[in-house]
Amino acid sequence: MREAAHAGRTPHIRHKSCRPRPRAARDAPFATPPGPAGQQRPHTSTREPIIQESEASEPEATRRDADVTESSRANRGWWDRNADEYQIEHGTFLGDDRFVWGPEGLDEVEAELLGPPEELKGRDVLEIGAGAAQCSRWLTAQGARPVALDISHRQLQHALRIGVSFPLVCADAGALPFADASFDLACSAYGALPFVADPRQVLREVRRVLRPGGRLVFSVTHPIRWAFPDEPGPEGLSVSGSYFDRTPYVEQDEEGRAVYVEHHRTLGDRVRDVVASGFRLVDLVEPEWPAWNTSEWGGWSPLRGNLIPGTAIFVCERD
């Protein structure tokens, strides 16, 4: 759903770039990032899922408050309804067993934000907002012992469709069903944190289940992007709203019930959330758009990616 595509919508309403857009507005599939010698990196493509029926009517987009309960309920339902289309549209780029931090295509193989791959062997890792668990499959290949968690039952059905050799858990990231100090590492590639009303609740839960010295790495939409229209072309290069407006983006049905919610935090908010939750911020990565990536994903594009950051990755350690 494009911004301002429907009459009567609130000005400066941003659509969710990482979610599926209408079929008519889909972009060409992502190219596979090249290997060290410039050759295309081999990957496995996600098999075609069964498509569920889409919603009968287009929801209304607005900016309004949405609390923890409403946000959780709306996003669980949204991802259950749209998991099929998401995996069809983005499955080739995500692969079956790659660990990609965002639409720019930064791969954990090169980034090593969780640590050198050889040091992942035998580590207990929690993937939050796992979707079809592509990252967990990559972790398994490194010898790690991942657990893939997602709020959406339908997303985890896609994980089963592709195949798993590790536990899948359907749960809310704000109430993790694990004992204290259960994991060595935690990771989240655009999972949970952009969609929750209380990110500190999630971060405190992650800290609880991490062992002392454990590392958390998570990626989210770069906060600066909330000041721009969510469009990949030139129309997405002019500031259209306040960076400091933290009012959530909400899509709601005819009765005013939220069916999708996304929350904005400034860069400073994110840093304070991390520190207040008992983590030490080790690094903040803002991936640059690589030359090999010539495609678009929602509002992400080479044009915008060469001018403004689209993703922020927070590398944190448990104090």
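Scroll up a little and you will see the structure.
What you see is a predicted model, and the numbers here were worked out from it, not measured in a lab.

A.B. asks: Summarise the packing of helix α5 (residues 199-209) against helix α6 (residues 267-276); cite the residues concerned and give the values.
C.D. replies: One way to put it is that α5 packs onto α6 with a least axis distance of 9 Å and a crossing angle of 40°. Our classification of the angle between α5 and α6 gives oblique. Both α5 and α6 take part in a crossing whose hand is right-handed. Side by side, α5 and α6 meet where P199, R200 and L203 of the first sit next to R270, R272, D273, V274 and A276 of the second. Classifying every residue of the contact of α5 with α6 by side-chain character gives four nonpolar, no polar and four charged.

A.B. asks: I'd like a rundown of the pairing of strand β3 (residues 145-150), residues and numbers included.
C.D. replies: Among the six residues in β3, five count as buried, and that is most of the element. Relative to β3, strand β2 (residues 124-128) runs parallel, the two being bridged by five bridges. Counted as the bridge partner of L126 is V147 from β3. A crossover links β2 with its parallel partner β3, the connecting element being helix α3 (residues 134-141), and its sense is right-handed. Alignment of β3 against strand β4 (residues 168-170), held across three bridges, turns out to be parallel. By the bridge assignment, A148 is partnered in β4 with L168. Taken together, β3, helix α4 (residues 153-162) and β4 form a β-α-β motif whose crossover is right-handed.

A.B. asks: Let's hear about the packing of aromatic side chains: which residues, and what values?
C.D. replies: Within the structure shown, the criterion is met by 14 aromatic pairs. Ring geometry for F218 and F314: centres 5.0 Å apart, planes at 15°, overall stacked. A residue pair is termed long-range when its members are at least 10 positions apart, and F218 in strand β6 (residues 210-221) and F314 in strand β10 (residues 311-318) qualify at 96 residues. By the burial criterion, F218 is buried, and F314 matches it. Members of the aromatic cluster, connected to one another through ring pairs, are W78, W79, Y86, F93, F195, Y249, Y260 and W297. The ring of F93 carries the charged tip of R98 above its face, separated from the ring centre by 5.5 Å. The ring of W300 is capped by R225, whose NZ or CZ atom sits 4.1 Å from the centre of that ring.

A.B. asks: Tell me about α6, residues and numbers included.
C.D. replies: Of all the residues in α6, the buried ones are D269, R270, D273 and V274. Buried residues of α6, seen end-on, are gathered within an arc of 135° and therefore sit on one face of the element. G278, located one to two residues past α6, shows a positive phi value of around 95°.

A.B. asks: A description of the pairing of β10 should follow, citing residues and the corresponding values.
C.D. replies: For β10, a buried count of eight out of eight residues is recorded, marking the element as mostly surrounded by other parts of the structure. Here β10 shows a buried face lined by T311, I313, V315 and E317 and a second buried face lined by A312, F314, C316 and R318. Pairing of β6 with β10, which is carried by seven bridges, proceeds in the antiparallel orientation. Bridged to S219 within β10 is I313.

Reading guide: rules and limits
- Residues numbered from 1 in each chain as written.
- Predicted model: local features only at pLDDT ≥ 70, side-chain atom pairs only at ≥ 80, totals over all residues.
- Heavy atoms only, no water.
- Axes fitted to C-alpha atoms, helices over the stretch in contact; angles between N-to-C directions.
- Helix = DSSP H or I, 4+ residues; strand = E, 2+ residues; numbered from the N terminus.
- Parallel < 35°, antiparallel > 145°, perpendicular 65-115°, else oblique.
- Left-handed = near helix turned anticlockwise from the far one by under 90°.
- Contact = heavy atoms within 4.5 Å.
- Nonpolar A, V, L, I, M, F, W, Y, C, P; charged D, E, K, R; others polar.
- Buried < 20%, exposed > 50% of the residue type's maximum accessible area, 1.4 Å probe, protein only.
- Pairing = 2+ DSSP bridges.
- Right-handed = clockwise from strand over helix to strand, strands pointing away.
- Phe/Tyr/Trp six-rings, centres within 6.5 Å; stacked < 30°, edge-to-face > 60°.
- Lys NZ or Arg CZ within 6 Å of the ring centre and 35° of its normal.
- Arc of directions from axis to C-beta.

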